[in-house]
Structure formats: structure tokens, C-alpha cells
Amino acid sequence: MNFFKSIFGRIFSAGTRAEAEKVQAGPEAKSIEKSIEAEVPLALTIWTIERNRYAPARALCTDIEVYPSEALLLHEEINGYVIDTPSGESVVIEARTGSLVGHSLEVVRDGVREMTKAQLNAQLDSARKEFNRMKKQELSNEEFWLAIKMGGSEIDVAQDYEE
């Protein structure tokens, strides 16, 4: 009712400017602003550690854009993203650390089902600390996806990748 009064009041000069501003800044406007904010892409550095028995481990990373609204629950308040790679395969990336954690949401959820949130966070933080201690190779998206060999239940890094 106040909505129509303020609109018609403004049109017919009977309403005040403050009433019109209240209508524009009402709860509907705030929820629209929040939904627009949620759709702004965020930059996320995704990474993996290449392990090869014939060479030292390498920390490979690239930046991608993700939308917060696309985050999925992995386990007990721990979110992640399912990303389609250029080869058409999918990977699961943990949202907080950017770690590549698996190839499918089902496999990741099965793998962490028996873990507590604290155990999973400790494991992710430990891997992130190892990654942070290493010399990082920041790759383009194309180079990054070529560098890792996809397939199986875990991500295996291609051994024939050239820098």
C-alpha cells in the first residue's frame, strides 16, 4: 500500500522524495543487489603438485573465474566447484584452498564421507602449506590442463609435459 502511495504521490506531487527513496531502497532492491553481487565472478588460483619418481615435485597452478552461486557442498560446510576442462572431462576443486581434489563430485564425497570437517581441513591446509613452500609454476589455463593427465579416480600429472 505504501508502495503505491509513494509512487502515485511522487507522480502527482503529493508524496515526498524521502518516501520515493524508501521504495527504491526497500528489501526488494537490497535482495536484487545481493543477487547481482553473488554473480560477480571471483578469481581462484587452482593448483596441484606434480609428483614424479624421476624428478622433483612441481607446484603447478593457474587462475580461473568461478561464481560463488555455483559452489557445491563437498562435506560439512566445505564447498567446491566442478570445473569442465577443455578436454571435456571434469575436476573438483576445493573452494577455500583451490586444490584439485578429484574427478567427480561422487568420488570426492565418497572419499571424505568418513572424515570430520576438522580432519579434512587439516589435510587441505597441509597440502596448501606444501604447495606454498614450493616454487610455483604459474601456467596459462591451456598449459595447466595440458600438464595434468586426466583419468582414473585421482589426478595424475603427465610426465611428458615440457615447460
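Residues numbered from 1 in each chain as written. Predicted model: local features only at pLDDT ≥ 70, side-chain atom pairs only at ≥ 80, totals over all residues. Heavy atoms only, no water.

**Student:** It is not clear to me how unusual backbone geometry should be interpreted in this structure. Could you clarify?
**Tutor:** Backbone geometry at Glu76 places phi at a positive 35 degrees, although glycine is not the residue there. Of the residues examined, Glu76 reaches a relative accessible area of 42% and is grouped as partly exposed. Of note, Glu77 is a non-glycine position whose phi angle comes to about 70 degrees, a positive value. Its location among the elements puts Glu77 in the loop between strand S3 (72–75) and strand S4 (78–84). The class for Glu77 is exposed, based on a relative accessible area of 63%. (Buried < 20%, exposed > 50% of the residue type's maximum accessible area, 1.4 Å probe, protein only. Helix = DSSP H or I, 4+ residues; strand = E, 2+ residues; numbered from the N terminus.)

**Student:** Even after reading the chapter, I still don't get the packing of aromatic side chains, so can you show me in this structure?
**Tutor:** Here the distance between the centres and the angle between the planes together describe a pair of aromatic rings. Counting across every chain of the model gives two aromatic pairs. Relative to Phe131, the ring of Trp47 lies with its centre 4.6 Å away and its plane at 20 degrees, an arrangement referred to as stacked. Of this pair, Trp47 sits in strand S1 (residues 42–52) while Phe131 is found in helix H5 (residues 117–133), placing the two residues 84 residues apart along the sequence. In this pair, the class of Trp47 matches that of Phe131, namely buried. Between the aromatic rings of Phe144 and Trp145, the centroid separation amounts to 5.1 Å while the plane-to-plane angle is 80 degrees, which identifies the pairing as edge-to-face. Trp145 shares its class with Phe144; the two are buried. (Phe/Tyr/Trp six-rings, centres within 6.5 Å; stacked < 30°, edge-to-face > 60°.)

**Student:** What should I look at first to understand the sheet that holds strand S5 (residues 90–94) in this one?
**Tutor:** Hydrogen bonds between backbone groups are what pair the strands of a sheet, and the pairing can be parallel or antiparallel. Read across the sheet, four strands follow the order S3-S4-S5-S6 without closing on themselves; strand pairing throughout is antiparallel. The open sheet has two edge strands with one neighbour each: S3 and strand S6 (100–102). For this sheet, the mean angle separating the axes of adjacent strands, direction not counted, is 50 degrees. In this structure, S4 lies alongside S5, joined through five bridges in antiparallel fashion. Paired with Gly80 across the bridge in S5 is Glu94. Lying over the sheet, helix H4 (residues 105–112) contacts S3, S4, S5 and S6, oriented at roughly 35 degrees with respect to S3. The strands that H5 touches are S3, S4, S5 and S6; relative to S4, the one it contacts most, it runs at about 55 degrees. (Pairing = 2+ DSSP bridges. Axes fitted to C-alpha atoms, helices over the stretch in contact; angles between N-to-C directions. Contact = heavy atoms within 4.5 Å.)

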